[in-house]
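Below, each chain spelled out in residue letters.
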Amino acid sequence: MSVLLYLVPAALSLGLLGLVAFLWSLRTGQYDDIEGAAVRVLSDDDLLEGARDRDRRR
């Protein structure tokens, strides 16, 4: 039963820390451009860079 004296404050402090981190990420604009991230995943820039590197080696 005495272990609860350690676990309850630890759980509350970790939850509060997570909430603070989430609120910080909201304030710094981490979630502002959700659609842009989805479009960047589909871009083929890495394929073009790989083709250029392959052509340079020849």
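Basis of the calculations
The written sequence of each chain sets the order in which its residues are numbered from 1. Predicted model: local features are reported for residues with pLDDT of at least 70 only, side-chain atom pairs are reported and counted for 80 or more only, and whole-chain, interface and lining totals are derived from all residues. Values reported for side chains reflect all heavy atoms of the structure, with hydrogen atoms and water molecules removed beforehand. Here a helix means four or more residues in a row that DSSP labels H or I, a strand means two or more in a row labelled E, and each is numbered from the N terminus. Throughout, exposure labels follow a simple rule: accessible area from a 1.4 Å probe, protein chains only, divided by the maximum for the residue type, with under 20% read as buried, over 50% as exposed, and the rest as partly exposed. Reported accessibility uses the Shrake-Rupley method at a 1.4 Å probe radius. Residues are deemed covered only where the shown protein chains occlude them. Without a salt bridge and with relative accessible area above 30%, a residue can belong to a patch; like charges are then joined within 9 Å and nonpolar side chains (Val, Leu, Ile, Met, Phe, Trp, Tyr) within 5 Å. A carboxyl oxygen of Asp or Glu within 4 Å of a side-chain nitrogen of Lys or Arg is what we treat as a salt bridge. Any helix carries an expected span of 1.5 Å times its number of residues minus one. Whether two aromatic rings pair depends on their centres lying within 6.5 Å, for rings of Phe, Tyr and Trp, where Trp uses its six-membered ring; planes under 30 degrees apart make the pair stacked, over 60 edge-to-face, and the rest tilted. pLDDT expresses, on a scale from 0 to 100, how confident the predictor is about each individual residue. Polar contact criterion, stated in full: a pair of N or O atoms within 3.5 Å, where within protein one must be able to donate a hydrogen and the other to accept it, and residues adjacent in sequence count only if both atoms are side-chain atoms. Any two residues whose heavy atoms approach within 4.5 Å at even a single point are treated as in contact.

Draft legend 1. The arrangement of the overall build of the protein in detail. Counting its regular elements, the protein contains three helices and zero strands. Counting helices and strands in the order they occur from the N terminus, the protein gives α-α-α. Counting every position in the protein, which comprises 58 residues, the buried fraction comes to 3%. Put simply, the protein shows about 5700 Å² of open surface, and 64% of that area lies on carbon and sulfur atoms.

Draft legend 2. Expanded view of a nonpolar patch on the surface. Side chains of Leu16, Leu19, Val20, Phe22, Leu23, Leu26, Tyr31 and Ile34 sit close together on the surface and give an oily, nonpolar patch of about 780 Å² of accessible area. Of the residues forming the nonpolar patch, the biggest block, six residues, is contributed by helix α1 (residues 4-27). Mapped onto the elements, isoleucine 34 comes out in helix α2 (residues 34-42). Residue classification places isoleucine 34 among the exposed residues on the basis of a relative accessible area of 57%.

Draft legend 3. View of α1. Its 24 residues place the ends of α1 34 Å apart at the C-alpha level, agreeing with the 34 Å of an ideal helix rising 1.5 Å per residue. Immediately downstream of α1, the backbone of glycine 29 shows phi near 85°, a positive value.

Draft legend 4. Local environment of the packing of aromatic side chains. Under the criterion given, the structure shown has one aromatic pair. On the basis of an interplanar angle of 45° and a centroid distance of 6.1 Å, the ring pair of phenylalanine 22 and tyrosine 31 is categorised as tilted. On the accessibility criterion, tyrosine 31 (44% relative accessible area) is partly exposed.

Draft legend 5. Broad picture of the confidence of the model for the protein. On average, residues of the protein score 84 in pLDDT, and 76% of them reach the 70 mark or higher. Predicted confidence in the protein is weakest over helix α3 (residues 45-57), with a mean pLDDT of 63, and strongest over α1, with 97.

Draft legend 6. Here's a closer look at the side chain of serine 25. Looking at the secondary structure, you find serine 25 in helix α1. Within polar-contact distance, the side chain of serine 25 engages the backbone oxygen of phenylalanine 22 at 2.7 Å. Those residues in contact with serine 25, other than ones at most four positions away along the chain, are Gln30 and Tyr31.

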